[in-house]
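Structure assessment
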Amino acid sequence: MTSSMESAPTPSASDAECLALTRQLRRRGTVVLSLFALAWALAGASGTGSATDAVPVAVEAAALVVTAVALRLGLRKDARPSPRTVTLPDNWARGVGVVNVLELLAIVAVVAAANASGRPAFVPAGIALVVGLHFFPLARLYDQWQYRWTGALMTAVAVAGAVLVLAGLSAGAVRVVGGLACAAVLWVSACHLAYAAEPPGRTDTIGNSGRSRSGERLPLLP
């Protein structure tokens, strides 16, 4: 009778390297998403009153707590490794760079167009739309399926913000709704990435070669 210790597979060196890189990249992704969520939350808090009022101070304090929790989840030492490798497209890193540059240029264009047209209230919705749309190509480039619903929710928030502006809500109210909603989406995405949950039907494991089908030893990317 074989003992459980004898039957347990021994990770190869490439598997260990892949798992270590998985944890590093998941941590980086969680940190980036959490900090951008904090930025959105602070922007939303600015619409609730002056900086020294009780409401914005309370919102900012709560945002710091939630961000700290998300970072703790992503940076904890006992975080489980990703149960699968990814399928990375050719030149995926270059593609990510292109997407990020286009995102930045689009945000600058949105801000400039909104201010030039005398409709600065559309700036939060416009930025949320750009940020939301940029998650869709990243989902493919990183083979990170969670980014599809992150992009969809951010886009929905952008549409809702634009509707609120057209409905005549004040710029402060629109900033509160849009900022806090975007922050919530990014915090949830950060926590989900920290746990590296699997989509239905994905059962690939790292146990064989530790390589993606593109031939790179790169695991689940943030």
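The structure presented is a predicted model; accordingly, all values stated were derived computationally and were not measured. (Residues numbered from 1 in each chain as written. Predicted model: local features only at pLDDT ≥ 70, side-chain atom pairs only at ≥ 80, totals over all residues. Heavy atoms only, no water.)

Focus on the overall build of the protein
Using the following cut-off: Helix and strand assignments come from DSSP, with helices taken as H or I runs of at least 4 residues and strands as E runs of at least 2, each series counted from the N terminus. The rule is simple: take the accessible area with a 1.4 Å probe, protein chains only, and divide by the maximum for that residue type; under 20% is buried, over 50% is exposed, in between is partly exposed. Pairs of residues are marked as contacts when any of their non-hydrogen atoms sit within 4.5 Å. Accessible areas in this description were obtained via Shrake-Rupley with a 1.4 Å probe; residue shielding takes into account the shown protein chains only.
When its secondary structure is counted, the protein shows seven helices and zero strands. Each helix (α) and strand (β) of the protein, taken in turn from the N terminus, gives the series α-α-α-α-α-α-α. For the protein, with 222 residues in total, the buried portion stands at 41%. Contacts spanning at least 24 positions in sequence make up 83% of the contacts within the protein whose residues lie at least 6 apart. Working note: accessible area of the protein is about 11500 Å², and carbon and sulfur atoms make up 68% of it.

A short note on helix 4 (residues 92-116)
The test is simple: To estimate how far a helix should extend, the number of its residues minus one is multiplied by 1.5 Å.
Taking 1.5 Å of rise per residue, the 25 residues of helix 4 would be expected to cover 36 Å, and the 36 Å separating its terminal C-alpha atoms lies within 8% of that figure. For helix 4, every residue scored as buried is listed here: Trp92, Gly95, Val96, Val99, Glu103, Ile107 and Ala114. Structurally, helix 4 contributes buried residues whose contacts are with helix 5 (123-141).

Here we look at the environment of alanine 173
As for its placement among the helices and strands, alanine 173 is situated in helix 7 (residues 171-195). Relative accessible area serves as the criterion here: at 26%, alanine 173 is assigned to the partly exposed category. C-alpha of alanine 173 to C-alpha of glycine 44: the two residues are 129 residues apart in sequence and 8.5 Å apart in space.

So, a nonpolar patch on the surface
Test applied: By definition, no residue in a patch forms a salt bridge, and every one has over 30% relative accessible area; like charges are joined within 9 Å, nonpolar side chains (Val, Leu, Ile, Met, Phe, Trp, Tyr) within 5 Å. Should a side-chain nitrogen of Lys or Arg be within 4 Å of a carboxyl oxygen of Asp or Glu, the pair is scored as a salt bridge.
A grouping of Val98, Val101, Leu102 and Leu105 is seen on the molecular surface, where their side chains present a nonpolar patch of about 370 Å² in accessible area. Tracing the chain through its elements places valine 101 in helix 4.

What to know about the side chain of serine 34
Where we set the bar: Pairs of N or O atoms are called polar contacts if they sit within 3.5 Å, as long as, within protein, a hydrogen donor faces a hydrogen acceptor (for residues adjacent in sequence, only side-chain-to-side-chain pairs).
Mapping serine 34 onto the fold places it in helix 2 (residues 13-45). Engagement of the side chain of serine 34 in a polar contact is seen with the backbone oxygen of threonine 30, the distance being 2.7 Å.

Digging into the packing of helix 6 (residues 146-166) against helix 7
The cut-off we apply is this: Lines fitted to C-alpha atoms define the axes, with helix axes restricted to the stretch in contact, and inter-axis angles between N-to-C directions lie between 0 and 180 degrees. What sets the label is the angle itself: under 35 degrees gives roughly parallel, over 145 gives roughly antiparallel, 65 to 115 gives roughly perpendicular, and the rest give oblique. Residues are grouped as follows: Ala, Val, Leu, Ile, Met, Phe, Trp, Tyr, Cys and Pro are nonpolar; Asp, Glu, Lys and Arg are charged; every other residue, Gly included, is polar.
One can describe the packing of helix 6 onto helix 7 by two numbers: an axis separation of 9 Å at closest approach and a directional angle of 175°. One way to sum up the angle between helix 6 and helix 7 is to call them roughly antiparallel. Contacts from Gln146, Tyr147, Trp149, Thr150, Leu153, Met154, Val157, Gly161, Leu164 and Val165 of helix 6 reach helix 7 at Val174, Val177, Gly178, Ala181, Cys182, Val185, Leu186, Val188, Ser189, His192 and Leu193. Taken together, the residues that form the contact of helix 6 with helix 7 break down as 15 nonpolar, six polar and no charged.

What about the environment of glycine 29?
Position of glycine 29 among the secondary structure elements: in helix 2. Assessed through its relative accessible area of 6%, glycine 29 is described here as buried.

Side note on the side chain of serine 189
Inspection of the secondary structure puts serine 189 in helix 7. Setting aside chain neighbours within four positions, we find serine 189 in contact with Leu33, Tyr147, Trp149 and Thr150.

Section: the nonpolar core
Test applied: In these notes, a set of buried Ala, Val, Leu, Ile, Met, Phe, Trp, Tyr and Cys residues joined through side-chain atoms within 4.5 Å is what counts as a nonpolar core.
Counting 33 residues, the largest nonpolar core has Leu33, Trp40, Leu138, Tyr147, Met154, Leu186 and Trp187 as the members making the most contacts within it. The set of elements that each furnish at least two residues to this core consists of helix 2, helix 3 (54-75), helix 4, helix 5, helix 6 and helix 7.

A closer look at the packing of helix 5 against helix 6
Applied cut-off: Each crossing gets its handedness from the near helix: less than a right angle anticlockwise from the far helix is left-handed, clockwise is right-handed.
Where helix 5 contacts helix 6, the axes come no closer than 7 Å and their chain directions differ by 160°. If you check the angle between helix 5 and helix 6, you find them roughly antiparallel. Crossing angle aside, the handedness with which helix 5 passes helix 6 is left-handed. On the side of helix 5, the interface is formed by Ala125, Ala128, Leu129, Val131, Gly132, Leu133, Phe135, Phe136, Leu138 and Ala139, while helix 6 contributes Tyr147, Arg148, Thr150, Gly151, Ala152, Met154, Thr155, Ala158, Gly161 and Ala162. Split by residue class, the contact of helix 5 with helix 6 holds 14 nonpolar, five polar and one charged.

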